Every structure is written in C-alpha cells, then in structure tokens.
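Fold and geometry: a report
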Amino acid sequence: MVKKVDHIGIAVKNLEETLKFYKEVLGLELNGIEIVEQQKVKVAFLPIGDTEIELLESTDKEGPIAKYIEKKGEGIQHIAYRVDDIEKAIEEMKSKGIRMIDEKPRYGAGGAKIAFLHPKSTYGVLIELCQRD
C-alpha cells in the first residue's frame, strides 16, 4: 500500500531562519512556500532525492504546529507516506484497527489529499498518508 516516503514534516518557530540552515548549510534548494489556511500553517518545500523536507511554521498561536512546538519543541512533527488511493488506504487502516485522526481525506500542502493516523496506534509517530494526483 505505501509507495515511498513522500516527505518529512518539521515544525519550526521561524521559517526564514530555518530556511537559511537548510539552504546555506545543507545546500538544499527551496521549491516553494505555501500558506495552508485550513491548517494554520506556512509551509516550505525542500526536495531531497525522491522525497521532500517540509518545514512548517504556524500562522496562528492556536494552530496545531504552534501547540506542537509549545509541547515538544521544534523538530520532526510527522512522516508522510505516499499512497495511490487515500480513501482505500484509510479504510484499510481502520480495518486493521488503526485509530485515525482523519476519517476522510483533507486538503494538504502542495494540493495533496492527506489523512493522519493517531500516534497512539503507530508507536508514538504521527503518520500522514498522502495522495498526489
């Protein structure tokens, strides 16, 4: 079902400062910045090989990324796995007893359809399923 690691989501306090590190120190190139209003987040994409680093800065102090940073600090927030059919993948996860945060796909950055699995069902890792058409 899972095809590959689509991206690794990293929660950051200051997107511009963090981008300097990824561009100047690691030599990655910025592929774009997007604001996803529904998730209260500003996202920067940095391709690396066949995947991407996704830097996430909250646009609202009550947003999920702001709350994540307040609780756990900056760092890896989720790992996204690419699937061909997200609806089918959600149903398969549920049939295997996996607790879902998203019972139905929602809009994600880059035009993807996404759904999150609850970390209590995934040994503490927030996993995102991601379909790109």
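In the block above lies the structure referred to throughout.
Presented here is a report on the structure given in the accompanying data block. Predicted model, so just to flag it, every value in this text is computed and none were measured.

Section: the pattern of salt bridges
- For the coordinates displayed, the defined rule picks out nine salt bridges.
- Taking the shortest distance from any N to any O, the salt bridge between K3 and D84 comes out at 3.4 Å. Highlighted residues: K3 in the segment before strand 1 (4-12) and D84 in the loop between strand 5 (75-82) and helix 3 (86-95), separated in sequence by 81 residues.
- Note on D84: relative accessible area 55%, which makes it exposed.
- Here the salt bridges do not stand alone but share partners, grouping D6, R82 and R132 into one network.

Some words on the packing of aromatic side chains
- A complete count under the given rule lists one aromatic pair for this structure.
- Both rings, one in F21 and one in Y22, keep their centres 5.2 Å apart while their planes meet at 90 degrees; by these two values the pair is edge-to-face.
- A relative accessible area of 13% places Y22 in the buried class.

Re helix 3
- What helix 3 keeps buried is the set I86, A89, I90 and M93. Angular distribution of buried residues about the axis of helix 3 spans 100 degrees; they occupy a single face of the element. Residues K88 and S95 are exposed on helix 3 and point more than 90 degrees away from its buried face.
- Each element contacted by the buried residues of helix 3 is listed here: strand 7 (113-117) and strand 8 (127-131).
- The N-cap of helix 3, judged by a side-chain oxygen 3.2 Å from the amide nitrogen of E87 a few residues on, is D85.
- Looking at the residues trailing helix 3, positive phi occurs at G97, about 85 degrees.

Details of the sheet that holds strand 2 (residues 32-36)
- Sheet architecture is open: eight strands sit in the order 2-3-4-1-5-8-7-6, paired in mixed fashion. Only two strands of the sheet have a single neighbouring strand rather than two, namely strand 2 and strand 6 (106-107).
- Its contacts with the sheet place helix 1 (residues 15-25) against strand 1, strand 2, strand 3 (41-48) and strand 4 (51-58), and it is angled at close to 5 degrees to strand 3.
- Of the strands in this sheet, strand 7 and strand 8 touch helix 3, which is tilted by about 150 degrees from strand 8.

A word on the pairing of strand 1
- When strand 1 meets strand 5, the two strands line up antiparallel, connected through seven bridges. Bridge pairing in strand 5 places A11 opposite G75.
- Pairing of strand 1 with strand 4, which is carried by six bridges, proceeds in the parallel orientation. In the strand pairing of strand 4, I8 is matched with I53.

What about the side chain of T122?
- Within the secondary structure, T122 is located in the loop between strand 7 and strand 8.
- Within the local environment of T122, its side chain forms a polar contact with the backbone oxygen of V125, the two atoms lying 2.3 Å apart.
- Residues in contact with T122, not counting those within four places in the same chain, are L117 and I127.

Parameters and conventions
- Each chain has its residues counted from 1, following the order in which its sequence is written.
- Where totals are concerned, whole chains, interfaces and linings use all residues; where local detail is concerned, this predicted model gives features only for residues with pLDDT of at least 70, and gives and counts side-chain atom pairs only at 80 or more.
- To obtain the side-chain values, all non-hydrogen atoms of the structure were used and water was disregarded.
- Put simply, a salt bridge is a Lys or Arg side-chain nitrogen that is within 4 Å of an Asp or Glu carboxyl oxygen.
- Elements are defined by DSSP. Helices are runs of H or I of four residues or more, strands are runs of E of two residues or more, and each kind is numbered from the N terminus.
- A simple rule labels every residue: compare its accessible area, found with a 1.4 Å probe on the protein chains alone, to the largest value its type can have, and call it buried under 20%, exposed over 50%, or partly exposed in between.
- The aromatic pairing rule takes the rings of Phe, Tyr and Trp, using the six-membered ring of Trp, and pairs them if the centres are within 6.5 Å, calling planes under 30 degrees apart stacked, those over 60 edge-to-face and the rest tilted.
- In this description, one arc is meant: the one made by directions from the helix axis to the C-beta atoms.
- By definition in these notes, contact holds between two residues if any of their heavy atoms fall within 4.5 Å.
- A 3.5 Å cut-off defines polar contacts: any pair of N or O atoms within that distance qualifies, except that in protein one atom must be a possible hydrogen donor and the other a possible acceptor, and neighbouring residues in sequence count only when both atoms are side-chain atoms.
- In this scheme, strands are said to pair when DSSP sees at least two bridges between them.
- Axis definition: a line fit to C-alpha positions, over the contact stretch in the case of helices; interaxial angles, taken between N-to-C directions, run 0 to 180 degrees.

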